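Here are the chains, one letter per residue:
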Amino acid sequence: PASPSQAPSCRRIGIFGGTFDPIHIGHLILAEEAWFQLNLDCVYIIPAGDPPHKQGVDLSPVEDRLRMCELATADIDYITVSRVDADRPGPHYTSDMVRILRRQVGAGVELYFLMGMDSLRDLPTWHEAAWLVENCLLVALSRHDVTLDWDELEAALPGLRDHVIILDMPELEIASHVLRARVRAGEPIRHQVPKPVEDYIYSHGLYRDLRSDRLPLAR
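Reading guide: rules and limits
Residues numbered from 1 in each chain as written. Predicted model: local features only at pLDDT ≥ 70, side-chain atom pairs only at ≥ 80, totals over all residues. Heavy atoms only, no water. Pairing = 2+ DSSP bridges. Helix = DSSP H or I, 4+ residues; strand = E, 2+ residues; numbered from the N terminus. Right-handed = clockwise from strand over helix to strand, strands pointing away. Buried < 20%, exposed > 50% of the residue type's maximum accessible area, 1.4 Å probe, protein only. Polar contact = N/O pair within 3.5 Å; in protein donor to acceptor, adjacent residues only side chain to side chain. Contact = heavy atoms within 4.5 Å. Phe/Tyr/Trp six-rings, centres within 6.5 Å; stacked < 30°, edge-to-face > 60°. Arc of directions from axis to C-beta. Core = buried A, V, L, I, M, F, W, Y, C linked by side-chain atoms within 4.5 Å.

Engineer: Would you take a moment to explain the pairing of strand 6 (residues 164-167) for this structure?
Structural biologist: Working note: regular strand, side chains alternate between the two faces of the sheet. Where strand 5 (residues 137-141) and strand 6 come together, 4 bridges link them in parallel fashion. Bridge pairing in strand 6 places Leu138 opposite Val164. Note on the crossover from strand 5 through helix 6 (residues 150-156) to strand 6: the handedness is right-handed.

Engineer: Looking at this model, I keep getting lost on unusual backbone geometry. Mind explaining?
Structural biologist: Most peptide bonds take the trans configuration, and most residues that are not glycine carry a negative phi. Backbone torsion omega between Asp21 and Pro22 reads 5 degrees, so that peptide bond is classified as cis. Tracing the backbone through its elements, the reader meets Pro22 in the loop between strand 1 (12-18) and helix 1 (25-37). You will see that Phe20, though not glycine, has its phi angle at about 50 degrees, which is positive. Note on placement: Phe20 falls in the loop between strand 1 and helix 1. You can call Phe20 buried: its relative accessible area is 2%. In this structure, Asn39 takes a positive phi of about 55 degrees despite not being glycine. Assessed through its relative accessible area of 56%, Asn39 is described here as exposed.

Engineer: Quick question: what am I supposed to make of the side chain of Ser142 here?
Structural biologist: Examined against the element boundaries, Ser142 turns out to sit in the loop between strand 5 and helix 6. Ser142 sits in the buried class, given a relative accessible area of 17%. Of note is the side chain of Ser142, whose polar atom sits 3.0 Å from the backbone nitrogen of Met169. If we skip the residues at most four places from it in the chain, Ser142 touches Met117, Leu167, Asp168, Met169 and Glu171.

Engineer: Any chance you could explain the packing of aromatic side chains here in plain terms?
Structural biologist: According to the stated counting rule, one finds 3 aromatic pairs in the structure shown. Their ring planes at 5 degrees and their centres at 4.1 Å tell us that Trp35 and Tyr78 sit as a pair that is stacked. With Trp35 in helix 1 and Tyr78 in the loop between helix 2 (62-73) and strand 3 (79-81), the pair connects residues that are 43 residues apart, well separated along the chain. Accessibility expressed as a relative area gives 29% for Trp35, which makes it partly exposed.

Engineer: Any chance you could explain helix 8 (residues 195-203) here in plain terms?
Structural biologist: Residues lying three or four places apart along an α-helix face the same way, a consequence of the helix completing one turn every 3.6 residues. Buried residues of helix 8: Val197, Glu198, Tyr200 and Ile201, and no others. Axial view of helix 8: buried residues confined to an arc of 160 degrees, hence all on one face. The inward-facing, buried residues of helix 8 abut helix 2 and helix 7 (176-184). Trailing helix 8 by a residue or two, Gly205 shows a phi angle of about 65 degrees, which is positive.

Engineer: Just checking my understanding: could you explain the nonpolar core for this structure?
Structural biologist: Where a protein is soluble and globular, its nonpolar side chains tend to be buried together. One finds Phe16, Ile23, Met68 and Ile201 to be the most contacted residues of the largest nonpolar core, which totals 36 residues. Broken down by secondary-structure element, the contributors of at least two residues to this core are helix 1, strand 2 (42-47), helix 2, strand 3, strand 4 (110-116), strand 5, helix 7 and helix 8. Considering each element in turn, this core owes the most residues, 5 residues, to helix 2. Setting aside residues up to four positions removed in sequence, Ile201 forms contacts with Pro22, Met68, Val183, Ile189, Leu206 and Tyr207. Of all hydrophobic cores here, the second largest spans 30 residues; its members include Cys42, Val109, Leu111 and Leu120.

Written out as structure tokens, the structure is:
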């Protein structure tokens, strides 16, 4: 996929951030549903470099995660894999990332920030949450196991509900942490990640217990 500076003209952009360790078909289905339901021109997938809420978590190097995202989306013309977090020092707050994207794409572009329902529930604890609410539309992806207290959310972030779109999404029981555990256990992941991502995981020795067994990252 093209970098943001190379992407075709997009007036409605979905922002899909995460660790993507690894990216899986659930991520791709969510991106597709948001693109279709919201009539988006582009979806930016943005692997986090140094996410503040994952301090102390043993993440794969960001270059590995970026490459897996590129492989997973190589044939999807509306998706752009962005290095906006990878190419700047951390910690990587969402509000900072959105500011950078806004400067890159211009003031006339509509930004839709894709997030899980659990993230929306916890939004008042985010860094500069009020700024984020004011500067992009928040798109929460429905989950049957998460309930929202709108009165509590509105008390913390007045006007929030007017800036939120709830999208009905297919729920798949696929999670990156489960995939990592399956690889460590020698269990198959063939139908849960795109084939090029599966090949990359095995050829680079990702998610093994013995990190010294990893092969060098291809550059």
